[in-house]
Number of protein chains: 2
Amino acid sequence: MAVDVEANTTWKMHFPILINFLMSIVAYFLTARLIPGIKEKFIKANLFGIDMSKTTSDKVPESLGVVTGCAFLITTFLFIPVPFGSSLIQGEYPHEQLVELLAALLSICCMLLLGFADDVLDLRWRHKLLLPTIASLPLLMVYYVNFNATTIVVPKPFRDLFGFSVDIGIFYYVYMGMLAVFCTNAINILAGVNGLETGQSVVIAVSIVVFNIVELSGPLWKAHQFSLYFMLPYTATTLALLKHNWYPSRVFVGDTFCYFSGMTFAVVGILGHFSKTILLFFIPQVFNFLYSAPQLFRFIPCPRHRLPKFNSKIDRLEISTTVFKYSDLNVLGKIVIKLFKLFKLIKWQEKDGVVVTNNLTLINLVLLYFGPLHEAKLVSILIGIQVVFTGVAFAIRYPLASVFYDL
Amino acid sequence: MAVDVEANTTWKMHFPILINFLMSIVAYFLTARLIPGIKEKFIKANLFGIDMSKTTSDKVPESLGVVTGCAFLITTFLFIPVPFGSSLIQGEYPHEQLVELLAALLSICCMLLLGFADDVLDLRWRHKLLLPTIASLPLLMVYYVNFNATTIVVPKPFRDLFGFSVDIGIFYYVYMGMLAVFCTNAINILAGVNGLETGQSVVIAVSIVVFNIVELSGPLWKAHQFSLYFMLPYTATTLALLKHNWYPSRVFVGDTFCYFSGMTFAVVGILGHFSKTILLFFIPQVFNFLYSAPQLFRFIPCPRHRLPKFNSKIDRLEISTTVFKYSDLNVLGKIVIKLFKLFKLIKWQEKDGVVVTNNLTLINLVLLYFGPLHEAKLVSILIGIQVVFTGVAFAIRYPLASVFYDL
C-alpha cells in the first residue's frame with residue numbers, strides 16, 4: 001500500500017511535466033510547419049543572407065530565431081495555468097514559483113526583443129554586451145526580492161581557510177549577470193557553419209534535460225522540474241528550427257536565436273539553482289571563447305570575418321587565415337602565440353617576419369586537425385565534440401564533484 | 001500628533017511614486033536624446049516611410065515606438081526593487097503585487113516584440129487581432145491564478161432582476177481579452193496625421209494619471225498606485241517620442257507604438273481594477289471605431305488608405321473619398337448610410353447612381369466640419385477633442401455614476 005501511495009504522489013508531482021512534454025511535441029510540429037510558410041516575409045523585409053559556403057547565391061532568410069522564440073513563448077504562456085491551477089485546487093498558493101516563472105519569461109522575452117532589434121537595426125558591438133545585462137535585470141531583481149541567497153558552499157580543500165560556506169554578497173549578482181552575458185555571446189561566436197548554432201543548442205538543451213531528470217529524484221526536485229518547464233518547449237522549437245537550418249540551410253537563425261537561447265540557458269541555470277553546473281555543458285564554448293580571446297581583444301589582428309574559407313572546386317571548407325608582422329605583436333600577443341604553438345593549437349607559417357596563421361576559432365582548429373572538410377561533415381564533427389563534452393561534464397559533475405563537496 | 005503620524009504614513013505609502021516620478025523625468029531626457037541618434041539605423045534597415053502630406057519626399061524613419069518601448073521597460077525594470085525592496089525590509093512579502101507587476105511587464109514586452117515583428121515583417125490583417133490575444137495571455141493567466149474574481153456589481157436599476165452582483169465567469173475573461181484587442185487597435189486606426197498617435201496616447205495616459213491620483217485617497221489606493229508605476233514612465237517616454245513625432249514629424253512611431261501603448265493601457269485597466277472606467281478615456285477612439293466599422297467590415301467599399309488628401313498648392317489637408325455604385329451596397333450598408341445622412345455625419349454626392357462620399361474616419365469628419373486644414377491645425381483639433389472627452393469621461397465617472405452605483 002505504501003508503495004502505491006508513493007507512486008501516486010510521484011505521478012501527481014510530475015504530471016505537469018507530462019503535459020509540458022505533450023505541448024512541446026505539438027509546438028515542434030506547428031513550428032516546423034510555420035517556418036517555410038513565413039520565411040518569404042523575412043526576405044521581403046530585407047532580412048536575408050547569402051550563404052558564403054555555397055556555389056549558388058540564393059537569398060537565405062535570416063533571423064528565423066524570432067519565430068521559434070515566439071513559438072516557445074506561446075507554448076509556455078499556455079502552460080502557466082497547468083502547474084499553478086492544480087496547486088490552487090489543492091489550496092496552496094505557489095506564489096514564489098509563479099514569480100520566478102514570470103521573471104524568467106520576462107527576461108527571455110526581453111532578450112528576444114533586443115536580439116531581433118539587433119538583427120534588424122544592426123546595433124553596435126558594445127550593445128551586444130549591454131543588451132543581455134538589461135534583459136537579465138528582471139531575473140536578478142526577482143532573485144533579490146525572492147531569495148537574496150548569495151552564500152556559496154566552499155569546496156572541501158579550502159574549508160580550513162574560509163569555513164563551510166561564504167556569503168559573497170554582491171559578487172553573486174555580478175556572477176549571475178556575467179553568466180547571462182557569457183551564455184548569450186558564447187553561442188554567437190561559435191557560429192557560421194550551417195546548423196551549428198541550432199545543433200550545439202539542442203545538445204546543450206538535451207544535456208540539461210537529462211541532468212534535470214536525474215535530479216528529479218533528489219531533494220531539489222522542484223527547481224529541476226521548473227527547469228524542465230522551459231527546456232522541453234525550448235528543445236522542441238529549436239529542433240523544428242534545426243530541421244530547416246541543417247545543411248544545406250534553408251533558413252538562418254540570426255543573433256536573435258543566439259541571444260534568446262543563451263538567455264534561456266542562463267535563466268534555468270540561475271533559477272534552477274545550478275548556475276555552476278550549467279557551465280559544464282558549455283565546455284566547447286568556453287574553450288572557443290578562450291581560444292578566440294586573443295583576436296577578440298586584438299592582441300592578434302582580427303579580420304572582419306573569421307569563417308572558414310569555401311573552396312568551391314572541391315566543395316570543401318578550408319582554414320581561414322590572418323596575416324600580420326610578428327614584430328607588430330605586443331608582449332601579450334607574443335606570449336599567447338608561444339603557448340598556442342607549444343600545445344600545437346595553431347597553424348604557423350613565417351617568412352621574412354610576416355606571419356600567416358589560422359583565425360583562432362574552434363571551427364578552424366577542427367579543420368587544422370582533420371584537413372579540408374565538406375560542410376555537413378564539419379558541422380557533424382563539431383556537434384560530435386559537443387556531445388563528447390557533455391559526457392565529460394557528467395563525469396565531472398557526478399564522480400569528481402564528490403571529491404570537493406559532500407553530495 | 002495623530003496628524004503627524006498620518007502624514008508620515010501617507011508619505012511612506014507614496015514614496016515609491018515619487019521615486020518613479022523622478023526616474024520618469026530622467027527617462028524622458030534620455031529617450032528624447034536617444035531618438036535622433038538612433039533614427040538613421042532605422043532608415044538603413046529599410047524601416048522608413050515617405051510623408052504623404054508634405055511637398056518633400058524625405059525618408060522618415062518608421063517604428064520608433066520600439067525605442068520608447070524599450071526605454072519604458074528599462075525604467076520599470078530598474079524600478080521593481082523600489083516598492084518591493086522596502087516592503088521586504090518591513091518584513092512583509094508582497095508576492096501578489098510582484099506577480100502582477102511581472103505579468104503586466106511580460107504582456108507589454110511581448111506586445112512590443114510582436115508589434116515590432118509586425119512592422120518589420122508586415123504580417124497579415126488577421127494577425128493584428130491574434131497578436132494582442134497572445135500577448136494578453138500571461139496577464140489573463142495571472143488574473144486567473146491570482147484573483148479569478150469575475151463578479152460584477154449590477155447597476156441599481158437592474159438589481160431587482162439580477163441581484164446586487166453577478167458572477168459572469170468566463171465572459172469576464174472574454175471581456176478582458178477583447179479590451180486588449182480593442183485598445184491595441186483603437187489607436188492604430190485613429191492615425192495617419194503627424195503626432196496624432198503619440199498625442200492622443202499622451203492625453204489618455206495623463207487622464208489615467210489624474211484618475212489614479214484622485215483615487216489614491218480611496219480604498220483601492222494600492223491598485224491605483226500600481227497603475228501609476230506604469231503610467232508615469234509611459235507618459236514620460238511617450239512625451240519624448242511626441243517631441244520628435246509632432247508636426248513636422250522627424251520620426252514615425254509604427255504599429256509597434258500603437259500595440260505597445262494599447263497593451264499598456266489594457267494592462268493598467270485590468271490589474272488596476274478599472275477596466276470599465278478606462279474605456280471612458282477612449283470615447284473618441286470608440287466613436288472612430290464605430291464610425292469606421294462599415295468600411296472595416298466592408299459594408300461600404302474601403303480603399304487601401306483612408307488618410308486625408310494633401311493639397312500641396314494650399315498646404316492643406318482635404319477629405320479623402322471613396323466612390324461606389326449605390327445599388328452595389330447590401331441592406332446593412334444602405335441602413336448605415338441612411339443613419340449617417342440623418343445625423344449629418346457624411347459628405348454625400350450622388351450622380352447617375354454613382355456615389356462619392358468621405359472615408360469614414362474621425363479625421364475626415366473633422367475636415368468635413370472645419371473645411372481643409374493645415375496639418376498642424378488638424379492634429380491640434382483632434383487632440384483638443386480628445387481633451388474635451390476626457391472632461392466628459394470624468395463627468396460620467398463621478399457625478400453620473402452615483403445614479404447607477406453606490407459610490
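Residue positions are given per chain, counted from 1 along the sequence in the order it is written. Chain labels run from A onward and ligand labels from 1 onward, assigned in the order the entries are written. Predicted model: local features are reported for residues with pLDDT of at least 70 only, side-chain atom pairs are reported and counted for 80 or more only, and whole-chain, interface and lining totals are derived from all residues. Side-chain figures throughout are based on the complete set of non-hydrogen atoms in the structure, without hydrogens or water.

Peer 1: Whenever I open this one, the sheet that holds strand β7 (residues 321–325) of chain B confuses me. Can you help?
Peer 2: Pairing between the strands of a sheet comes from backbone hydrogen bonds, and it takes one of two forms, parallel or antiparallel. Residue and element names in this part refer to chain B. An order of β7-β9-β8 is seen for the three strands of this open sheet, with the pairing classed as antiparallel. The sheet is open, and its two borders are formed by β7 and β8 (348–351), each paired with just one other strand. Adjacent strand axes in the sheet meet at a mean angle of 20° when their direction is disregarded. Being paired, for any two strands, means DSSP has found at least two bridges between them. Helix and strand assignments come from DSSP, with helices taken as H or I runs of at least 4 residues and strands as E runs of at least 2, each series counted from the N terminus. Bridge count between β8 and strand β9 (residues 354–358): four bridges; the pairing is antiparallel. Residue pairing for β9: Lys351 is matched across the bridge by Val354. The convention used is that axes are lines fitted to C-alpha atoms, helices contributing only their stretch in contact, and that angles between N-to-C directions extend from 0 to 180 degrees.

Peer 1: Sorry, what's going on with the pairing of strand β9 (residues 354–358) of chain A here?
Peer 2: Residues in a regular strand project their side chains so that they alternate between the two faces of the sheet. Pairing geometry for strand β7 (residues 321–325) of chain A and β9 of chain A, over five bridges, is antiparallel. Each bridged residue has a counterpart across the sheet, and for Thr321 of chain A the counterpart in β9 of chain A is Asn358 of chain A.

Peer 1: Whenever I open this one, the relation of the copies chain A and chain B confuses me. Can you help?
Peer 2: Alignment of copies: least-squares fit on C-alpha atoms of residues with pLDDT of at least 70 in both copies. Note on the identical chains: chain A maps onto chain B by a rotation of 180° and an axial translation of 0.0 Å, with an RMSD of 0.0 Å. Look at the turn and shift together and you get a two-fold axis relating the two. Looking at the interface residues of chain A, 98% of them are also at the interface in chain B, so both copies use one shared face. Should any heavy atoms of two residues lie within 4.5 Å, those residues are counted as being in contact.

Peer 1: Sorry if this is basic, but what is going on with the environment of Trp348 of chain A here?
Peer 2: All names here are of chain A. Positionally, Trp348 belongs in strand β8 (residues 348–351). Under the scheme applied here, a residue whose accessible area is under 20% of the maximum for its type counts as buried, over 50% as exposed, and between as partly exposed, the area being computed with a 1.4 Å probe on protein chains only. For Trp348, a relative accessible area of 19% puts it in the buried group. Through-space distance from the C-alpha of Trp348 to that of Asn358 is 7.6 Å; in sequence the pair is ten residues apart. Setting aside anything within four residues of it in sequence, one finds Trp348 in contact with Tyr326, Ile337, Lys341, Val355, Val356 and Thr357. A distance of 3.2 Å separates a polar atom in the side chain of Trp348 from a polar atom in the side chain of Glu350. The term polar contact refers here to a pair of N or O atoms within 3.5 Å; inside protein, the definition further demands a hydrogen-donor-capable atom paired with an acceptor-capable atom, and it admits residues adjacent in sequence only when both atoms are side-chain atoms.

Peer 1: Help me understand the sheet that holds β9 of chain A in this model?
Peer 2: Residue and element names in this part refer to chain A. Pairing in this open sheet of three strands is antiparallel, and the strands run β7-β9-β8 from one edge to the other. Whereas interior strands pair on both sides, the edge strands pair on one side only; in this sheet they are β7 and β8. On average, adjacent strands in this sheet sit at an angle of 20° to one another, irrespective of strand direction.

Peer 1: How do you make sense of helix α5 (residues 125–146) of chain B when you look at a structure like this?
Peer 2: Note: α-helices contain 3.6 residues per turn, so residues at a spacing of three or four share the same orientation. Residue and element names in this part refer to chain B. With 22 residues, α5 ought to run about 32 Å at 1.5 Å a step, and its terminal C-alpha atoms sit 33 Å apart, in line with that. At any given residue, the bend is defined as the angle formed between two axes, one fitted to the seven residues that end at that position and one fitted to the seven that begin there. The sharpest bend along α5 comes to roughly 40°, located at Leu137, with the proline Pro138 sitting one to four residues further on. The buried fraction of α5 is high, at 16 of 22 residues. Given the number of residues in a helix, its expected span is that number minus one, multiplied by 1.5 Å.

Peer 1: What is the right way to read the interface of chain A and chain B from this model?
Peer 2: Reports of interface size often rely on the accessible area that becomes lost once the parts have come together. On the side of chain B, 44 residues touch chain A, which itself brings 45 residues to the contact. When the two sides are added together, the surface that chain A and chain B hide from each other amounts to roughly 4100 Å², 85% of it contributed by carbon and sulfur. One speaks of a salt bridge when a side-chain nitrogen belonging to Lys or Arg is within 4 Å of a carboxyl oxygen belonging to Asp or Glu. In this structure, the connection of chain A to chain B is made through zero salt bridges. Linking chain A to chain B there are two residue pairs in polar contact (both at pLDDT 80 or more). By definition, the buried area sums, over both parts, the 1.4 Å-probe accessible area that each loses when the two are put together.

Peer 1: Just checking my understanding: could you explain the packing of aromatic side chains for this structure?
Peer 2: Describing an aromatic ring pair means giving the distance of the ring centres and the angle of the ring planes. All names here are of chain A. To pair, rings of Phe, Tyr and Trp, with the six-membered ring standing in for Trp, must have centres within 6.5 Å; the planes then decide the type, stacked if under 30 degrees apart, edge-to-face if over 60, and tilted in the middle. For the coordinates displayed, the defined rule picks out 43 aromatic pairs over all chains. Joined through ring pairs, the aromatic side chains of Phe72, Phe182, Phe226, Phe230, Tyr234, Phe260, Phe265, Phe282 and Phe289 make up one cluster. Sitting over the ring of Tyr398, Arg397 keeps its end group 5.2 Å from the ring centre. Only when the NZ atom of a Lys or the CZ atom of an Arg is both within 6 Å of the ring centre and within 35 degrees of the ring normal do we say a charge sits over the ring.

Peer 1: So what exactly am I meant to see when it comes to the packing of helix α4 (residues 95–121) of chain B against α5 of chain B here?
Peer 2: A packed helix pair is summarised by two numbers, namely the angle formed by the two axes and the spacing between the axes. All names here are of chain B. Interhelical geometry of α4 versus α5 gives an angle of 170° and a closest axis separation of 9 Å. With respect to α5, the axis of α4 lies roughly antiparallel. Between α4, through Glu96, Val99, Glu100, Ala103, Ala104, Leu106, Ser107, Cys110, Met111, Leu114 and Asp118, and α5, the contact on the second element is made entirely by Lys128, Leu131, Pro132, Ile134, Ala135, Ser136, Pro138, Leu139, Val142 and Asn146. The class makeup of the residues in the contact of α4 with α5 is 14 nonpolar, three polar and four charged. Oblique is the label for every angle not falling under 35 degrees (roughly parallel), over 145 degrees (roughly antiparallel), or within 65 to 115 degrees (roughly perpendicular). Residues are sorted three ways: Asp, Glu, Lys and Arg are charged, Ala, Val, Leu, Ile, Met, Phe, Trp, Tyr, Cys and Pro are nonpolar, and all the rest, Gly among them, are polar.

Peer 1: Could you clarify how one ought to interpret unusual backbone geometry in this entry?
Peer 2: Most peptide bonds are trans, and most residues other than glycine sit at a negative phi. The residue after Tyr247 of chain A, namely Pro248 of chain A, is reached through a cis peptide bond having omega -15°. In this structure, Pro248 of chain A sits in the loop between α9 (221–245) and α10 (254–271). Positive phi is not limited to glycine here, since Asn46 of chain A has a value of about 70°. Within the fold, Asn46 of chain A resides in the loop between α1 (2–44) and β1 (48–50). The phi torsion at His273 of chain B lies on the positive side, around 60°, for a residue other than glycine. As for its position among the elements, His273 of chain B is in the loop between α10 (254–271) and α11 (277–280).

Peer 1: Can you walk me through the side chain of Thr75 of chain B in this structure?
Peer 2: Residue and element names in this part refer to chain B. Inspection of the secondary structure assignment puts Thr75 in helix α2 (residues 65–79). When its relative accessible area of 10% is taken as the criterion, Thr75 is described as buried. Among residues more than four places away in sequence, those in contact with Thr75 are Met23, Ala27 and Pro233.

Peer 1: I would appreciate a short explanation of the side chain of Asn288 of chain A in the present structure.
Peer 2: Inspection of the secondary structure puts Asn288 of chain A in helix α12 (residues 283–296). If sequence neighbours within four positions are ignored, Asn288 of chain A has contacts with Ile189, Leu190, Thr361 and Leu362 of chain A.

Peer 1: Help me understand the domain arrangement of chain A in this model?
Peer 2: All names here are of chain A. Taken domain by domain, chain A consists of domain 1 (2–281) and domain 2 (297–375). Per the annotation, domain bounds derive from an automatic or database assignment of domains. The distance between the C-alpha centroids of domain 1 and domain 2 comes to 33 Å. Opposite the eleven residues of domain 1 that make contact, domain 2 presents ten residues. With both chains or domains summed, domain 1 and domain 2 bury close to 920 Å², and 67% of this area falls on carbon and sulfur atoms. Of all residues in domain 1, Ser53, Val193 and Tyr247 give up the largest surface area on contact with domain 2, accounting jointly for 50% of the area buried on that side. At the surface where domain 1 touches domain 2, the tally comes to one salt bridge. Its salt-bridge partner being Glu375, residue Lys54 comes within 2.6 Å of it at the nearest N-O pair. Here domain 1 and domain 2 share three residue pairs in polar contact (both at pLDDT 80 or more) between them. Looking at side-chain class alone, the side of domain 1 that touches domain 2 contains six nonpolar, four polar and one charged residues.

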